[in-house]
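Here is how the chains run, residue by residue.
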Amino acid sequence: MIERDDELRAVEAVLDSAVEGEGRALIVRGDAGIGKTALLAAAAQSARGRGCQVLEARADALESELSFGVCMQLFEPLHRVTNGDEDGGLFSGAAALARPVLGQGVVVIGAPGEDRTLPLMNGLYWLCANLAERGPALLSVDDAHWSDVPSLQFLRFLARRLEGIGVALLVAARPTATGDVATRYLSGLAEHTGVGVTRPAALSEDAVGELVRAELGEFEPPFAGACARLSGGNPLYVQELLRSAREHGIEPTERGVEALSELHPERITASVVARVDASGDQARALANATAVGSGRLALRDVAEIANLDHRQARGLADELAASAILTSGEPLGFTHPLVRAAVYDSIPDVARAGLPAEVAERLHETGAPHEVVAGHLLSAEHRCGPWALDELEAAAAEAMSRGSPTAAARYLRRALDEGPAPERRAQVLVSLGLAEAEGGDPRGAERLAAAVEALPTHEMRAGTMLGLGMALTAQGEVSRATAAYERGIAALAGAQGSVARDLEALCAIGLAHDREARAGALPRIEALLDDPDLDRSPTGRLLLAQAAAERGYQGGSIDELRALAGRALAPGLDEDQPAAFWTCVLAAYAYDDCDEYERAERAAARALEMARRRGSVVQASAACHPSAFVNLRRGRVDRALADAQTSVEGAEQGWRLALPSSRAVLAAAHIERGELDAASAAVNLPGGDAPWERLISFGWLLAARGRLELERGEPQKALATFLACGELCEQARVTNPSVISWRTGAALAAARLGEAEQGRELIDEELERARRYGAPRALGAALRTFGLVLGDERGIAALRESLGVLEGSQAELERSRTLVELGAALRRSGQRRDSRGPLREGLDLASRCGATKLADRALEELHAAGGRPRRREMSGAEALTPSERRIVALAADGLSNPQIAQALFVTRRTVEMHLTNAYRKLDVGGRDELGGAMAEAR
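Residues numbered from 1 in each chain as written. Predicted model: local features only at pLDDT ≥ 70, side-chain atom pairs only at ≥ 80, totals over all residues. Heavy atoms only, no water.

Caption draft 1: Molecular detail of the overall build of the protein chain. From N to C terminus, the protein chain includes 46 helices and five strands. Seen through its principal axes, the protein chain has C-alpha atoms that stretch 115 × 70 × 50 Å. Taking all 938 residues of the protein chain together, 57% fall into the buried category. Look at the contacts in the protein chain between residues 6 or more apart in sequence, and 68% of them connect residues 24 or more apart. Carbon and sulfur atoms provide 48% of the accessible area of the protein chain, an area that totals close to 37500 Å². Between the centroid of the 106 positive side chains of the protein chain and the centroid of its 134 negative side chains there is a distance of 6 Å. (Helix = DSSP H or I, 4+ residues; strand = E, 2+ residues; numbered from the N terminus. Buried < 20%, exposed > 50% of the residue type's maximum accessible area, 1.4 Å probe, protein only. Contact = heavy atoms within 4.5 Å. Areas by Shrake-Rupley, 256 points an atom, 1.4 Å probe, with all protein chains shown as cover. Lys, Arg positive; Asp, Glu negative; His and termini not counted. Charge placed at Lys NZ, Arg CZ, Asp CG, Glu CD.)

Caption draft 2: How the structure looks around the pattern of salt bridges. With the rule as written, the count across this model stands at 62 salt bridges. In this structure, Glu304 engages Arg362 in a salt bridge whose closest nitrogen and oxygen atoms are separated by 3.3 Å. Taken as a pair, Glu304 in helix 13 (residues 299-305) and Arg362 in helix 16 (residues 349-365) lie far apart in primary sequence, 58 residues in all. Given the relative accessible area of 46%, Glu304 is considered partly exposed. Between Arg794 and Asp792 there is a salt bridge; the shortest N-O distance is 3.3 Å. The class of Asp792 is partly exposed, set by a relative accessible area of 32%. (Salt bridge = Lys/Arg side-chain N within 4 Å of Asp/Glu carboxyl O.)

Caption draft 3: Focus on the pairing of strand 3 (residues 137-142). Counted residue by residue, strand 3 has six buried out of six residues, so it is predominantly covered. Here strand 3 shows two buried faces, one formed by Ala137, Leu139 and Val141 and the other by Leu138, Ser140 and Asp142. Judged from the six bridges that link them, strand 2 (residues 53-58) and strand 3 form a sheet pairing that is parallel. By the bridge assignment, Val54 is partnered in strand 3 with Leu138. (Pairing = 2+ DSSP bridges.)

Caption draft 4: Main features of the sheet that holds strand 5 (residues 195-198). Spatially, five strands are ordered 2-3-4-1-5 in an open sheet, and the strand pairing comes out parallel. Each edge of the open sheet carries a strand with a single partner, namely strand 2 and strand 5. Averaged over all pairs of adjacent strands, the angle between their axes in this sheet comes to 15°, without regard to strand direction. Here strand 1 (residues 24-29) pairs with strand 4 (residues 167-173) via six bridges, running parallel. Each bridged residue has a counterpart across the sheet, and for Arg29 the counterpart in strand 4 is Ala173. (Axes fitted to C-alpha atoms, helices over the stretch in contact; angles between N-to-C directions.)

Caption draft 5: Fine view of the side chain of Ser816. Summarising the element assignment, Ser816 is placed in helix 40 (residues 812-828). Setting aside anything within four residues of it in sequence, one finds Ser816 in contact with Gly842, Leu845, Ala846 and Leu854.

Caption draft 6: Structural view of the side chain of Ser151. Examined against the element boundaries, Ser151 turns out to sit in helix 5 (residues 149-159). The class for Ser151 is buried, based on a relative accessible area of 0%. Among the polar contacts made by the side chain of Ser151, one reaches the main-chain amide nitrogen of Val70 at a distance of 3.3 Å. Those residues within four positions of Ser151 in sequence are excluded, and the remaining contacts are Phe68, Gly69, Val70 and Cys71. (Polar contact = N/O pair within 3.5 Å; in protein donor to acceptor, adjacent residues only side chain to side chain.)

Caption draft 7: Spotlight on the nonpolar core. Within the largest apolar cluster, 217 residues are counted, with the highest numbers of intra-cluster contacts made by Phe75 and Phe154. A per-element tally of this core places helix 28 (residues 578-593) first, with twelve residues. Among residues more than four places away in sequence, those in contact with Phe75 are Leu55, Leu102, Leu124, Leu127, Cys128, Leu139 and Phe154. Of all hydrophobic cores here, the second largest spans 70 residues; its members include Val272, Ala357, Val359 and Ala426. (Core = buried A, V, L, I, M, F, W, Y, C linked by side-chain atoms within 4.5 Å.)

Caption draft 8: Representation of the state of the cysteines in the model. Under the defined criterion, the tally for this structure stands at zero disulfides. Summary of cysteine pairing: Cys624 is not part of a disulfide, and the nearest cysteine sulfur, belonging to Cys584, is at 14 Å. Under the relative-accessibility criterion, Cys624 is labelled buried at 6%. Of all cysteine sulfurs in the structure, the one in Cys725 sits closest to Cys729, which takes part in no disulfide; the separation is 4.0 Å. A residue is classified by how much of its surface remains accessible, and Cys729, at 0% relative accessible area, is buried. (Disulfide = S-S within 2.5 Å.)

Right, here's the structure in full:
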């Protein structure tokens, strides 16, 4: 390690930090041959000397499409040592999600369109954290510029979360072309705060002289100068130059400079090829097979491809190792990627055309991973037989499960070249279309449409279009999704059996989210409820939950709603089935819309637990969606804000179906806190309204937008927005004021505009619907609005009735609002003394709810009524941020910091930081006091 003191110090600093329990990352950037690999080797040696666990990987140009290939190299030794069984806790908790990377189990698909790599990366992160619990560790990745994209994503994911875990991350890479995928990820990795970058420089003439002395003995200075000039100070080029000089008998003297100049060491290909050819044709055949094998083949396999017997191949391998071409040991590999590239590039085209197929077949026979075999088949120029088709399809399935639809599509296109039989060809085309659609390739949907008719059964055709429809719906492509659903339903015509019924149910449920398609979907849902087998089917349970939610949307019987939701969640629900998660979410919506808040919370919590077991960030966010509504209606504004923020993040990552309503509840929480600018930002949808208007969830956004306009003093705009919301709700059959109470907002806007008759008509209808449904929250809100529109003694009577309805409910936010409005109405009517009681109670309740804007109004009204309230101060609990409040709640429930971090998909350091802030704000000494402090605050 000559002239590498600065680089070694940077490496040692990263290792020192890891030993102290603080992970850091270092990137070694430099041209080929500059000494990056030597630095990584020195780091590994130093780490082992400190007692660190060392995990190493080296990316390969021919395997850059192998999904999580680098991660497999890194972590497979852990699996091998533990034998995948007694792992000593390495794969405990969220780390179990990493098992599919090592070929154990299958990734559970969360939301349609969700990034499947997120659970895997989260699992790998916790695997690193668990590893660090045993002691410091070094993760070393060489030639990262050739790494597969999922592994690069993980390296960046890990680098941003190293604080607090004793893991050193060392990544070596060449500078790559602008716009290259690897460049973007490596640049993103380097830009993160705390990630160091070191760039080994070219060797000086003195350093080159040391290498000359070691290789050729004493030398004359002009010779060393010529070596430095010709090699550019690149250590590998210097070594190749000196090796060539020795082979050509050039003396290290001034007279040898001229002969040295003719060797052109900057192009090492000629030197390498010359050394290989000097060993004969059989050595060349061995080297060629090794080059194509990418370091995956044992000597016996290489010998068979090269038509050599094992003993002869061993002798040639030893000879090439002595010439610094091959490394010693197995599997056979090269001393440097440049050496391998030189051999590979020198293989004649005719020979190179046949080698990939031979290598792929040997790898297939030895049980190599499917994607490794498929990677070589991509380069094969002819058909290879039935085994190749099997390998390509299996590789595509692996790539899809690991979040690499682009790689899957590449394998499937090659599978088509194998000439599968018509029926199998149709299946390959369908798989290809789904992979392209998931990878964002617009050709995917068209390919599916063309291929689906070739599938042999109704169920296969309908199921294919159903999968496409669900993915498109989740992405907000409603019109295209509707077309796919309709085609799937048409394919089922005349089909019988449970599969057909399940597909029909899923199609109907999907279409129910489209405001234009709901009219046709709802009768289908009702007709399917007569199936006696619903309770025994995962899809049947989902249909029951959807039907329960529909009772809420359409203002049906609350008793029927409870019965349907109870059947959906009854014992026997298979939580390993993806449908179970959405069953719980839909049941939570149903219970929330009939004021059964505790049941709604239990259903949402059950969904959240399923999402966490699967490591699905998107599903965890989806479970927070009903929780946000429940918390807001129960008067837990800060919790609602935290849940809504999480819900929006998940919707933007892959659950776009609910993005409008997620943003709506986020805006509503901001309005309650008086944060109107933040609410305004929340109701602005990405890409404008047009892509979202067909979704029924757009109705909630319009209602929130109208409320915001009303709060800003823009009743004309608010009235128009509320009426537009009403048109959508009527078309979509979402008519229950307990779900979207657009008429109350419209009535208030009309009253402020002096349109008393219009306001009275709107609120009369709202009252009638609310009374008929019978849920206290919606009825209390309608009565309050009725009283405000009347504005006289009859109005005060309506406000008192509203308070009576809400008195026994858990809808504390609505009750606090009615208290404040009743007090204000009494004050305006001259009953100042009587007004103070409701105003004080409303102020207290609004403050406890976190409804800052309402509390401020109550305070103003109390002053106007002649009251002398204490100044409202922010207590310790109120000072907590939404994130702090959520972490404090889990800590108070007894969860450890790692358990909280895994539950919330954050790092332990993040948990520690929020808890430290919370201790200060609550004035407590530790987590044992959190429960009491929060109870006292409530």
